[in-house]
Amino acid sequence: MKYLILLALIAVGCVTTSGKSNHQKRNRIKYNFNSQWLINVGDVEDGQLADLTDENWKQVTLPYAWNQEEAYKNSIHDLTTGIAWYRKHFQMPKSAKGKKVFIEFEGVRQGADFYINGHYLGYHENGVMAVGFDITDYLNYGKKENVFAVKTDNDWKYKERESGSHFQWNNDNFNANYGGIPKNVYLHLVSDVYQTLPLYSNLETTGTYIYASNIDIDAQSINLNAEAEVKNASGKDQMVQLKVDLYELDGTLLSSFLGESAPLVKGQQTVLKASNDVNNIHFWSWGYGYLYDVKTTVLIDGKSVDELFTRTGFRKTAFKNGLFYLNDRVLMVKGYAQRTSNEWPAIGMSCPPWMSDYTNRMMVESNGNTVRWMHVTPWKQDIESCDRVGLIQAMPAGDAEKDVNGRRWEQRVELMRDAIIYNRNNPSIIFYEGGNESISEEHMADLKEVRDQYDPHGGRAIGSREMLDSKVAEYGGEMLYINKSAHIPMWAMEYSRDEGLRKYWDNYSYPYHKDGEGGTHGQNVSGSKIKDASAYNHNQDTHAIENIIRWYEFWEMRPGTGTRVSSGGVNIIFSDTNTHFRGAENYRRSGEVDAMRITKDNFYAHQVMWDGWVETENHRTHIVGHWNYTDTVKKDIYVISSGDEVELFINGKSKGTGEQEYRFLNTFKDIQWEEGVIKAISYDKEGKILSEDFIETVGEPAKLKLSLIENPAGTKADGADMAMIQVEVVDEKGRRCPLANDLVAFELSGEGQWLGGIAKGKDNYILSHELPVECGINRALIRSTTKAGKVNVKAAAKGLVSDEITFSTQQFDDNEGLSAELPSDGLDVYLERGPTPKGVSFTTSRITVPIESAVAGYNNEKAGQSYDDNELSEWRNDGTIETGWVKYKLEQDTELDECCIKLTGWRRRQYPIEILVNGELAYTGKTPLSLGYVRLPLKGLKGDEVIIKLIGANTENDAFSHITELDPANNKGELDMYRDPNGAKVKGELRIIEVEFSQYVND
């Protein structure tokens, strides 16, 4: 059954790599610097001094936010802020003397001051990106101790020191404030002639840039290019040369070549280049995280002085004709707008890398191909995880809900610069995002200039949300609404905001939550009151249906449906998040999985609808809910399927075929429950079976069942790694009981720290040793200690047979605070979907008939704006019915099957219109309400002249009142009329944004 699928995700579809990264070479060493840190919450006088007494401080292993245990216990608004000090005592081996030593922080929140042995190194304030310092001159070697100290401040109102300006993205709606050092820290030891680090903040270095050119997908060939920024700190002039070695996943050397020699003056830096053609390339793709190790070596007199390994992948992209191409194949964006924190209960964002893989791979398993990280740059751990699992990323820098000017805009540009430099070798990043709202053309050009300077060859588009009429952006798309384009790809940046708790199946199942009930203590981001919170308190069944309905409008406008198409969209969000909420709980529950990554029915809805690059390539069927009701229950059964028709069976007896709506939703009305097996079979138009699903009635709860989900390389005894314990209530046959909500008491012994899980109740059960299952299942986290050994967990619940599980943690090699074991060592790439398929990804179902010209009853000179491929322009009449017409001259005399039209006020205004083809009536009626476009049938009438004519007064009624924009003050140029208080007063308007006429293509 599907309930068991995700336990296996951690073990399937992976290819074993070389285990540890090839990072430990004689002339360059990267140390894991996460161990043996001390924390004190609150300010400390002279906290930077090496001889400060700190033995009573709390010892932790990074990454560790000092307030992370509040995650999901407190709302985002109530997360504790303030000053915290971090200190670390460590020793540097004598062998390191003579090396250059740099420290790299992947990120701190919000601002921080850095000290080594009492010496002030500097500060960092953007709260998002990495920063580095050269600490060579301040270190002690051998047995003499070093002390590194960091003073952090995560105040929501933190101001930049020099300008006094706030950072726009330090926002208590979407950027969960896990303070201190919530990301990894590394030490880099290099020779005195070395490749720099990609850490522009403070160090002002750009590192090594790897990219492919002359990409030939069919021939499996590329031109591999390496550009290494090399610095000479040797004290004398040098003649240097770059060597490049390309290694396969299994460590096999695929190619080796040299660049030209070049002089490098002492104290200076230069960029060394080398390139060569390489064949037999495996291209990185969706669900196919094929990666290579590129070793770039600096040679002096033919001898290696610096060797750097860069893990990367190669793919080909194009953004044209309204389409996005990956490896020469059109891909429709399907995925999630995920909070960048990507957090978990009681630990916030500071999870080990395998848990990042677990989440991001689940997005791929749901058949999502893209994650749009929201508002701020994701940390390197998630970026590298997406590389491994084959998940495309849209990477923002930092922003809130509007464009800004002055110093705050400069902050955004600087952050984009740092993020591009740091992440430009990661193949999964394909979109750079300039903002979570429209930005000016001048600002878009600023960001594009940064991209062109630091990543001119990465095959990445830069754009922003909205940008519907931009001449600079390379992609765009609104929030909530459907956009189409024939020039740049347009995909919805976030849609389907509804929320629902995993605890609730439907109205008929314990605990009998009535769909929509619960209210809210939240508010809209703009601060306005939520008038009706029913859309944010769904049961699982209605939440899944809402996701189907919302996706359907994108599917209708997919590639292959005309010249102007939608390139898809991303659903907000994937996992329930400790950020802005509108429902009954104090966290957002829009996820397809809950905060412990346990699936809801939404997950399977997307898995069915999205299994293909554009159209369905692998058929699936999913029955919503469970089959453990009572004899008194007669209810609608919902089946999500990609088939043309679905038949339902109960205990082998057919209940007929379902009523199909929104292409994927099949409803079987008033089905009487009876114990046994419910089965759904989907067919194509010829009656061939495509896919099927079944659910069986499960017996009474009998016992608990514990399962272990852990790091595929084994749980490390480093004080930071974690394991998940899954608990289920099962019947005598071991089948999960879908209605069980038993309270389970856990007892832990051995080398682990209990962190627990999440459930509805006081403090959301955060850190509690008691945890109820919900719908028969829950999970809890256990953190390793720094001592290897056994961990035993016992679970007990009233009236159920207990269970226990034991696992072992593995020795973690740490030498006086330095470790050669990096956090992601041993993690494998995920190749389950295979290489990019050959052939086209869609069939052409509609052909657009071009419009040659147009005349109108009013504003004749603007009639062309009704078909100009610009959704921020429109044609409108003067408000009288008599002038409400436009006559279109087509380029050819042909049969017309459909008019696809976007009308101003699409979500709230209905227009009574007639459409005539060469004078013959093809359509009459009120236009439907939608979130963008509507399709009107034209009877296949032949002609080259089409008239759209208003025949009555408009009517106003918002069909999507639960779908609200964030800030009514922004984007006043939009044409949805959501922000137009006077729009309803005009009853004789005809306002056309875009119109197209098309012919159907026979199957």
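Just so you know, these numbers come straight off a predicted model, no measurement behind them.

An account of the overall build of the protein chain is needed here, citing residue identities and associated values.
Counting its secondary structure elements, the protein chain contains six helices and 59 strands. A globule of 1003 residues ought to have a C-alpha radius of gyration of about 30 Å, and the protein chain, at 29 Å, matches this closely. Dimensions of the protein chain, computed from the C-alpha atoms along their principal axes, are close to 95 × 75 × 55 Å. In the protein chain, 74% of the contacts between residues at least 6 apart in sequence involve partners at least 24 apart. Looking at the protein chain as shown, the accessible area adds up to about 34,800 Å², and 45% of this sits on carbon and sulfur atoms. Once the 111 positive and 146 negative side-chain charges of the protein chain are each reduced to a mean point, those two points are 1 Å apart.

Give me the lowdown on helix α4 (residues 441-454), citing residues and values where you can.
When the terminal C-alpha atoms of α4 are compared, their 20 Å separation across 14 residues agrees well with the 20 Å that a helix rising 1.5 Å per residue should span. Turning to α4, its buried residues number three or more, namely H443, M444, L447, V450, R451 and Y454. The arc that holds every buried residue of α4, seen down its axis, measures 120°, which confines them to one face. Turned more than 90 degrees away from the buried face of α4, the exposed residues are E442, E449 and Q453.

Describe helix α5 (residues 540-556), with residues and values.
Taking 1.5 Å of rise per residue, 17 residues should cover 24 Å, and α5 covers 25 Å from first to last C-alpha, within 8% of that figure. Along α5, 16 of the 17 residues are buried, which leaves the element largely enclosed by surrounding structure.

Tell me what's going on with the sheet that holds strand β9 (residues 119-124), and back it up with residues and numbers.
Taking strand neighbours across the sheet as the criterion, the six strands line up as β4-β3-β6-β11-β8-β9 in an open arrangement whose pairing is antiparallel. On the outer flanks of this sheet lie β4 (58-60) and β9, each paired with one strand and no other. Across the sheet, the axes of successive neighbouring strands diverge by a mean angle of 25°, strand direction being ignored. When strand β3 (residues 37-41) meets β4, the two strands line up antiparallel, connected through three bridges. Bridge pairing in β4 places W37 opposite V60.

Quick rundown of the pattern of salt bridges? Include the residues and the values.
When charged atoms on two side chains of opposite charge get close, those side chains can pair. Considering all chains together, one arrives at 60 salt bridges under this definition. A salt bridge links E125 to R161; its shortest N-O distance comes to 3.8 Å. In this pair, E125 is assigned in the loop between β9 and β10 (131-134) and R161 in the loop between β11 (146-153) and β12 (180-181), connecting sequence segments 36 residues apart. What makes E125 buried here is its relative accessible area of 8%. With a closest N to O distance of 3.6 Å, D644 and R663 form a salt bridge. One end of the pair, D644, is in the loop between β34 (634-641) and β35 (645-650); the other, R663, is in the loop between β37 (659-661) and β38 (665-672), with 19 residues separating them in the sequence. Note on D644: relative accessible area 32%, which makes it partly exposed. Residue R663 is classed as buried on the basis of its relative accessible area of 18%. Each of K484, R564, D869, E871, K902, E994 and E996 takes part in a single network of salt bridges with overlapping partners.

Give me the confidence of the model for the protein chain: which residues, what numbers.
Across the protein chain, pLDDT averages 94, with 95% of residues at or above 70. Scored below 50 in pLDDT, residues 1-24 shows 65 contacts in the model against residues more than four places distant or in partner chains.

Please set out the UniProt feature "domain: Glycoside hydrolase family" (unreviewed entry) in the protein chain residue by residue, giving values where relevant.
According to UniProt, the feature "domain: Glycoside hydrolase family" (unreviewed entry) maps to residues 712-806 in the numbering used here. Note that residues 712-806 is 0% helix and 46% strand, and that its end C-alpha atoms are spaced 16 Å apart.

Lay out the nonpolar core in plain terms, naming residues and giving numbers.
Proteins that are soluble and globular tend to have nonpolar side chains buried together. Counting residues in each nonpolar core, the largest one holds 135 residues, and the members touching the most others are I222, L224, F314, W344, F431, W551 and L781. Ranked by residues supplied to this core, first place goes to α5 with seven residues. Dropping the residues within four chain positions of it, F314 is found in contact with I210, A212, I222, L224, L246, I281, F283, W284, Y292 and V294. Among the nonpolar cores identified, the runner-up in size contains 36 residues, and Y158, L199, L203 and W409 belong to it.

Tell me about the pairing of strand β8 (residues 111-116), and name the residues and values.
Every regular strand shows the same layout, with side chains that alternate between the two sheet faces. By the criterion of burial, β8 is predominantly enclosed, with six of the six residues buried. The two faces of β8 match: G111, D113 and Y115 on one face and A112, F114 and I116 on the other face are all buried. Across six bridges, β8 lies against β11 in antiparallel orientation. Counted as the bridge partner of D113 is K151 from β11. Pairing of β8 with β9 involves five bridges; the strand directions are antiparallel. If you follow A112 over to β9, its bridge partner there is H124.

Kindly report on the packing of aromatic side chains, identifying the contributing residues and their values.
Enumeration according to the criterion identifies 44 aromatic pairs in this entry. Seen from their ring centres, Y867 and Y888 are 6.0 Å apart, and the 75° between their planes marks the pair as edge-to-face. Residue Y867 is located in the loop between β51 (851-856) and β52 (875-876), and its partner Y888 is located in strand β53 (residues 885-903); the two are separated by 21 residues in the primary sequence. Given a relative accessible area of 24%, Y867 falls into the partly exposed group. Grouped by ring-pair contacts, the aromatic residues Y336, Y495, W551, F554, F574, F603, Y604 and W610 constitute a single cluster. Sitting over the ring of W57, R87 keeps its end group 5.8 Å from the ring centre. Sitting over the face of the ring of W906, K902 holds its NZ or CZ atom 4.4 Å from the ring centroid.

The rules we used
Residues numbered from 1 in each chain as written. Predicted model: local features only at pLDDT ≥ 70, side-chain atom pairs only at ≥ 80, totals over all residues. Heavy atoms only, no water. Helix = DSSP H or I, 4+ residues; strand = E, 2+ residues; numbered from the N terminus. Rg over C-alpha atoms; globule rule 2.2 N^0.38 Å. Contact = heavy atoms within 4.5 Å. Areas by Shrake-Rupley, 256 points an atom, 1.4 Å probe, with all protein chains shown as cover. Lys, Arg positive; Asp, Glu negative; His and termini not counted. Charge placed at Lys NZ, Arg CZ, Asp CG, Glu CD. Expected span 1.5 Å × (residues − 1). Buried < 20%, exposed > 50% of the residue type's maximum accessible area, 1.4 Å probe, protein only. Arc of directions from axis to C-beta. Pairing = 2+ DSSP bridges. Axes fitted to C-alpha atoms, helices over the stretch in contact; angles between N-to-C directions. Salt bridge = Lys/Arg side-chain N within 4 Å of Asp/Glu carboxyl O. pLDDT = per-residue confidence, 0-100. UniProt positions renumbered as here; feature names shortened; annotations may be inferred. Core = buried A, V, L, I, M, F, W, Y, C linked by side-chain atoms within 4.5 Å. Phe/Tyr/Trp six-rings, centres within 6.5 Å; stacked < 30°, edge-to-face > 60°. Lys NZ or Arg CZ within 6 Å of the ring centre and 35° of its normal.

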